[in-house]
Amino acid sequence: VKAVVNGGDILCRDVPLHESQKIFIENFLDNHFSAYEKAGIYYLGYLGNDDLKTHDDLFSKICSKYPHVIDMAQNKFKIGQFEFIGMNWVVDYPFRLKDRCRKDHQDYIFQTQFGPGLLSTDNGFENLEDWFSYASTLPTIEDELMRLPLPQTPQKTIYLIHMPPAKVGLDVCMHGACVGSQSVYEFIKKTQPLLTLHGHIHESPQCSGVWKTKIGKTICIQPGQMETNLTHVIIDFSTMKVKMVEESLCT
């Protein structure tokens, strides 16, 4: 293995959330990343929408200690002939934590919300009574995709986009709704990179039966991640063969 990619939602979700996630970065991830550095294996990752944005600087600081560990949020990194480009923004959802949420595009219609929006801060959560108005001041997912670093060769580029594309079965929730991004779909269709890696809807492969598909010539992968199994995909870039691996976490 030359590199491991972690597509977000890395941190624990124990209460109190701020403290537990901070401890996880400082006490677990630091040692975890050190092991990758000693092994000479690249670790490419970013924090996802389940990970509090207030910890982004701490996460980046820990990553920066190790040349083989790269914070891929809105970043580009090259390994050999392949370029990796990451983006961890997501389309808005009903849940209250809005740290990484965006409208998909200017005409996006919001889902029914579960309560007022929340943003994480160093001192706890900030309430957003009018999330819809606040979200309208932010760049859309379509805008954020256009702001990403440009690849030199799309045919040798791997995008790490936490939000899955719409229409191709990688975005199916437990209750059957498809919540993927139309903007991500159109971006992949237009740019045609070698490969895109997605996450966010953890149960999607279990619900849809789809973890790998194509948009044009681009291979799109969403391995999912349930609480009882460790799920990952092994990719051989010399042959572009991919293999899903599931290991039970139950003892």
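Everything numeric in this text was worked out from a predicted model, so none of it was measured. (Residues numbered from 1 in each chain as written. Predicted model: local features only at pLDDT ≥ 70, side-chain atom pairs only at ≥ 80, totals over all residues. Heavy atoms only, no water.)

**A word on the packing of aromatic side chains**
Working step 1: Applying the stated rule across the entire model yields 13 aromatic pairs.
Working step 2: Taken together, Phe33, Tyr36, Tyr43 and Phe59 form an aromatic cluster joined through their ring pairs.
Working step 3: Here the guanidinium or amino end of Arg102 rests over the ring plane of Trp89, the centre of that ring lying 3.7 Å away. (Phe/Tyr/Trp six-rings, centres within 6.5 Å; stacked < 30°, edge-to-face > 60°. Lys NZ or Arg CZ within 6 Å of the ring centre and 35° of its normal.)

**Some details on the pairing of strand 2 (residues 42-45)**
Working step 1: Pairing of strand 1 (residues 3-6) with strand 2 involves 4 bridges; the strand directions are parallel. Along strand 2, the bridge assignment pairs Val4 with Tyr43.
Working step 2: Taken together, strand 1, helix 1 (residues 17-39) and strand 2 constitute a β-α-β crossover, and its handedness is right-handed.
Working step 3: Examined bridge by bridge, strand 2 and strand 3 (residues 69-71) share 3 bridges and lie parallel to one another. Note on strand 3: the bridge partner recorded for Leu44 is Ile70.
Working step 4: Handedness of the strand 2-helix 2 (residues 56-64)-strand 3 crossover: right-handed. (Pairing = 2+ DSSP bridges. Helix = DSSP H or I, 4+ residues; strand = E, 2+ residues; numbered from the N terminus. Right-handed = clockwise from strand over helix to strand, strands pointing away.)

**Here we look at the sheet that holds strand 2**
Working step 1: The sheet built from 3 strands is open, its strands ordered 1-2-3 with parallel pairing. The open sheet is flanked by strand 1 and strand 3, the only strands paired with a single partner. Direction aside, neighbouring strands of the sheet carry axes that sit 15 degrees apart on average.
Working step 2: Each of strand 1, strand 2 and strand 3 touches helix 1; the most contacted strand, strand 2, lies at about 140 degrees to it. (Axes fitted to C-alpha atoms, helices over the stretch in contact; angles between N-to-C directions. Contact = heavy atoms within 4.5 Å.)

**Points about the nonpolar core**
Working step 1: Of all hydrophobic cores here, the largest spans 29 residues; its most connected members are Met87, Ile141, Leu145, Ile161 and Val184.
Working step 2: Sorting the residues of this core by element identifies strand 5 (82-87), strand 6 (90-91), helix 3 (131-135), helix 4 (141-147), strand 10 (157-161) and helix 5 (182-191) as the ones contributing at least two each.
Working step 3: Of all the elements, helix 5 adds the most residues to this core, at 4 residues.
Working step 4: Other than its neighbours up to four places away in sequence, Ile161 contacts Tyr46, Met87, Leu145, Val184, Phe187, Leu197, His198 and Gly199.
Working step 5: Core analysis: the second largest hydrophobic core is formed by 16 residues, Ile158, Leu160, Leu194 and Leu195 among them. (Core = buried A, V, L, I, M, F, W, Y, C linked by side-chain atoms within 4.5 Å. Buried < 20%, exposed > 50% of the residue type's maximum accessible area, 1.4 Å probe, protein only.)

**Examining the layout of surface pockets**
Working step 1: Its boundaries defined by the atoms lining it, the second largest pocket holds a volume of some 710 Å³.
Working step 2: Lining the second largest pocket are 31 residues, with Asn49, Asp50, Tyr93, Phe95 and His200 sitting closest to its centre.
Working step 3: Here the residues of the lining of the second largest pocket are counted per class, giving 17 nonpolar, 8 polar and 6 charged. (1 Å grid on protein atoms, 1.4 Å probe; cavity = no way out; pocket = protein on both sides within 12 Å on 5 of 7 lines; lining within 4 Å. Points joined across faces, edges and corners; volume = space filled by probe spheres on them. Nonpolar A, V, L, I, M, F, W, Y, C, P; charged D, E, K, R; others polar.)

**Some remarks on helix 2**
Working step 1: Within helix 2, burial applies to Asp56, Leu58, Phe59, Ile62 and Cys63. One side of helix 2 carries all its buried residues, which in axial view fall inside an arc of 165 degrees. Along helix 2, exposed side chains directed more than 90 degrees from the buried face belong to Asp57, Lys61 and Ser64.
Working step 2: Where helix 2 is buried, its residues touch helix 1, strand 2 and strand 3. (Arc of directions from axis to C-beta.)

These results come straight from atomic positions and should not be treated as a statement about function.
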